[in-house]
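Residue-level listing of the chains:
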Amino acid sequence: MDRNQRSRRQKSANGSYAQQPRRSMGSRLGLEKRNAPRSKAPPKKAAPAPHAPPRQRPAQEINPQKAGYRPGTPRRTRRVTQAEIIRAKRRRRLLGALGVLAVLAVGAFVSINLLFKVTIFRVESYDRSQPVDTGIYTSDELIEALGIEKNSNLFAFSTAEKTQQLALQFPYLEHVAVEIQLPAAVIIKVEPATERFACMYPGGWMVLSDSLKILRTDVSQPDGLILLTMSLPTDFSPVVGQNIEPKSYNSLLSETQQATAETAGLQASALQTLTEVRDGLQENNLFDGTTALNIQDLSDIEFTYQNRVQVLLGSETNLAYKLRLAAAALTDPEKGLAAGDKGVLDISTQRSDGDIRAYFAPDTPEPTPTPEPTPSPEEETDPESPTE
């Protein structure tokens, strides 16, 4: 019987094939059906479990591709303490603060470089007076000597260095200062110097200002200046534009006492004494007539008035009162000296009761020798005298 005949026999009366019952894959493989009921076994009494060890966290795996990897058993993860957590928080806060400061610094740097540019140069007097007195120099010379270009950074130079540079380059400025004024101005404050003193040093003469600034040097003594005598430093060499600091010497004190007094501030320095004498002479209208001033020995201070009266002041004790006495004696013809008197006015002696008296010793002119009569020619040749 061929295949077609077997197929026809298997057909049903209505002409369709007979449906064979389907068998699942599980039944063919001897497995239980999914929804088949299972026999319930009686529950077994669970034996008491032994004490289980504490559960441990899995060890962190180490990446063998990272630097510093060493083959071996993985490390156990260490528990992070509360102190470490606090330190980590502090570290994060610190890093945040540093980041904010860095941003502010960068912003300030950028703003300074972009905003603060030099566009204005101005020369002013210390007292803000107008017009500005720059002495023998001009404002353009001072501004050009700064060496600062326009539109440059306002904070790219040191004002102290520029001040020192101008002081040395322009000695006839008693005081000079370079300042900056936001947002874009450079200001030069000046005070001109005046030739006041002539001081001798081993190599010649120096012309000094009121603050003992060296204005110039000369071989011969300059005319019309106050002759200043003071103790110069050892190995002194004058430099135009610098200020002199005279030595403080007092013949009444030993070297140890003098050093102790100067260290303790009990004795005025030579520069302080000179300033006090100068201010006192100006207050009493004696400075214009002063022709010489000696502060070489601080125990024997003296000055000369109009080249005719030498005034002895002694030490700096009661110096203001002594200068008032000198003014009363020199400028009041009715109570003091006459306009033509010459001599020495001593105001250095202080009495036991604290009072100071002035004593004047006039110059005694040398007596004029009496001229002898000149013999006449007739007396020289006497005709009655016997001739040999």
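Above this text is the structure in question.
Residues numbered from 1 in each chain as written. Predicted model: local features only at pLDDT ≥ 70, side-chain atom pairs only at ≥ 80, totals over all residues. Heavy atoms only, no water.

Participant: Just to check I follow, could you spell out the overall build of the protein for this structure?
Facilitator: Scanning the protein for helices and strands turns up nine helices and twelve strands. The buried share of the protein, reckoned over its 388 residues, is 27%. Contacts in the protein between residues at least 24 apart in sequence constitute 49% of all its contacts with a sequence separation of at least 6. Roughly 28,800 Å² of accessible area belongs to the protein as shown, and the carbon and sulfur atoms make up 52% of that amount. (Helix = DSSP H or I, 4+ residues; strand = E, 2+ residues; numbered from the N terminus. Buried < 20%, exposed > 50% of the residue type's maximum accessible area, 1.4 Å probe, protein only. Contact = heavy atoms within 4.5 Å. Areas by Shrake-Rupley, 256 points an atom, 1.4 Å probe, with all protein chains shown as cover.)

Participant: How do you make sense of the sheet that holds strand 11 (residues 343-346) when you look at a structure like this?
Facilitator: Strand pairing within a sheet occurs via backbone hydrogen bonds; the two strands may be parallel or antiparallel. The strand order 6-5-4-7-8-9-10-11-12 describes an open sheet built from nine strands, whose pairing is mixed. The sheet is open, and its two borders are formed by strand 6 (214-218) and strand 12 (359-362), each paired with just one other strand. With direction set aside, neighbouring strand axes in the sheet form an average angle of 20 degrees. Pairing of strand 9 (residues 301-305) with strand 10 (residues 309-314), which is carried by five bridges, proceeds in the antiparallel orientation. (Pairing = 2+ DSSP bridges. Axes fitted to C-alpha atoms, helices over the stretch in contact; angles between N-to-C directions.)

Participant: Could you clarify how one ought to interpret a nonpolar patch on the surface in this entry?
Facilitator: Together, L94, L95, L98, V100, L101 and L104 line one region of the surface with nonpolar side chains, adding up to about 610 Å² of accessible area. Along the polypeptide, L101 turns up in helix 3 (residues 82-115). (Patch = residues over 30% accessible without salt bridge, like charges linked within 9 Å, V, L, I, M, F, W, Y side chains within 5 Å. Salt bridge = Lys/Arg side-chain N within 4 Å of Asp/Glu carboxyl O.)

Participant: Quick question: what am I supposed to make of helix 7 (residues 270-283) here?
Facilitator: Every α-helix carries 3.6 residues per turn, so stepping three or four residues along brings you back to the same face. If you check helix 7, its first and last C-alpha atoms are 20 Å apart, about what 14 residues at 1.5 Å a residue would give, namely 20 Å. The set of residues buried in helix 7 consists of A270, T273, L274, V277, R278, G280 and L281. The arc enclosing the buried residues of helix 7, seen along the axis, measures out at 165 degrees, which places them on a common side. Looking at the buried residues of helix 7, the elements they touch are strand 4 (197-201), strand 7 (226-229), strand 8 (290-294), strand 9 and helix 8 (319-331). Downstream of helix 7 by a residue or two, N285 has a phi angle that is positive, lying close to 60 degrees. (Expected span 1.5 Å × (residues − 1). Arc of directions from axis to C-beta.)

Participant: Can you walk me through the packing of aromatic side chains in this structure?
Facilitator: The way to describe two aromatic rings as a pair is by their centre distance and the angle between their planes. One pass over the structure, following the stated rule, counts two aromatic pairs. Seen from their ring centres, Y137 and F170 are 4.8 Å apart, and the 75 degrees between their planes marks the pair as edge-to-face. Of this pair, Y137 sits in the loop between strand 1 (120-125) and helix 4 (139-146) while F170 sits in the loop between helix 5 (159-169) and strand 2 (173-181), placing them 33 residues apart in sequence. Pair check on accessibility: Y137 and F170 agree, each one buried. Arranged with centres 6.4 Å apart and planes meeting at 80 degrees, the rings of Y201 and F236 form a pair that is edge-to-face. Placement of the pair is Y201 in strand 4 and F236 in the loop between strand 7 and helix 6 (255-264), with a sequence separation of 35 residues. Judged by relative accessible area, which is 14%, Y201 ranks as buried. (Phe/Tyr/Trp six-rings, centres within 6.5 Å; stacked < 30°, edge-to-face > 60°.)

Participant: Please explain the sheet that holds strand 1 as it appears in this structure.
Facilitator: Taken together, the three strands give an open sheet; going across it, the order is 1-3-2, and neighbouring strands pair in mixed fashion. At either end of the open sheet lies a strand with only one pairing partner, and these are strand 1 and strand 2. Neighbour-to-neighbour, the strand axes of this sheet turn through a mean angle of 20 degrees, independent of strand direction. By the bridge criterion, six bridges tie strand 1 to strand 3 (residues 185-192) in an arrangement that is parallel. Residue pairing for strand 3: I120 is matched across the bridge by A185. Across the face of the sheet, helix 5 comes into contact with strand 2 and strand 3 while running at roughly 155 degrees to strand 2.

Participant: So what exactly am I meant to see when it comes to unusual backbone geometry here?
Facilitator: The phi torsion of most residues other than glycine is negative, and most of the peptide bonds are trans. That bond from Q130 to P131 is cis: its omega, -5 degrees, falls within 30 degrees of zero. Structurally, the position occupied by P131 is in the loop between strand 1 and helix 4. A positive phi angle, near 65 degrees, is found at N151, a position not held by glycine. Here N151 lies in the loop between helix 4 and helix 5. The exposure class assigned to N151 is exposed, which follows from its relative accessible area of 55%.

Participant: What's the story with the nonpolar core in this structure? I'm lost.
Facilitator: Burial of nonpolar side chains together is a common tendency in soluble globular proteins. Formed by 37 residues in total, the largest nonpolar core has its most connected members in L208, L228, M230, L293, F303, V311 and L330. When contributions to this core are tallied by element, the ones reaching two or more residues are strand 4, strand 5 (204-208), strand 7, helix 7, strand 9, strand 10 and helix 8. The element contributing the most residues to this core is helix 8, with six residues. In this structure L228 touches F197, A198, C199, L208, L212, L274, L293 and I295, once residues within four positions along its chain are discounted. If you look at the next biggest cluster of nonpolar residues, it comprises 25 residues, including I148, L166, I188 and V190. (Core = buried A, V, L, I, M, F, W, Y, C linked by side-chain atoms within 4.5 Å.)

Participant: Can you walk me through the pairing of strand 11 in this structure?
Facilitator: For a regular strand, the rule is simple: side chains alternate between the two faces of the sheet. Strand direction decides the pairing type here: strand 10 and strand 11, joined by four bridges, are parallel. Within strand 11, the residue paired with L312 across the bridge is D346. Two elements, strand 11 and strand 12, share four bridges in a ladder whose sense is antiparallel. Opposite L345, over in strand 12, you have F360 as the bridge partner.

Participant: Explain the environment of G224 here, please?
Facilitator: Secondary-structure assignment places G224 in the loop between strand 6 and strand 7. Along the chain, G224 and R196 lie 28 residues apart, while their C-alpha atoms are 8.7 Å from each other.

Participant: What is the right way to look at the pairing of strand 6 in this model?
Facilitator: One ladder, built from four bridges, connects strand 5 with strand 6; its direction is antiparallel. Note on strand 6: the bridge partner recorded for V207 is R216. Once strand 5 ends, the chain turns through five residues before running back antiparallel as strand 6, passing L212 with a positive phi of about 60 degrees.

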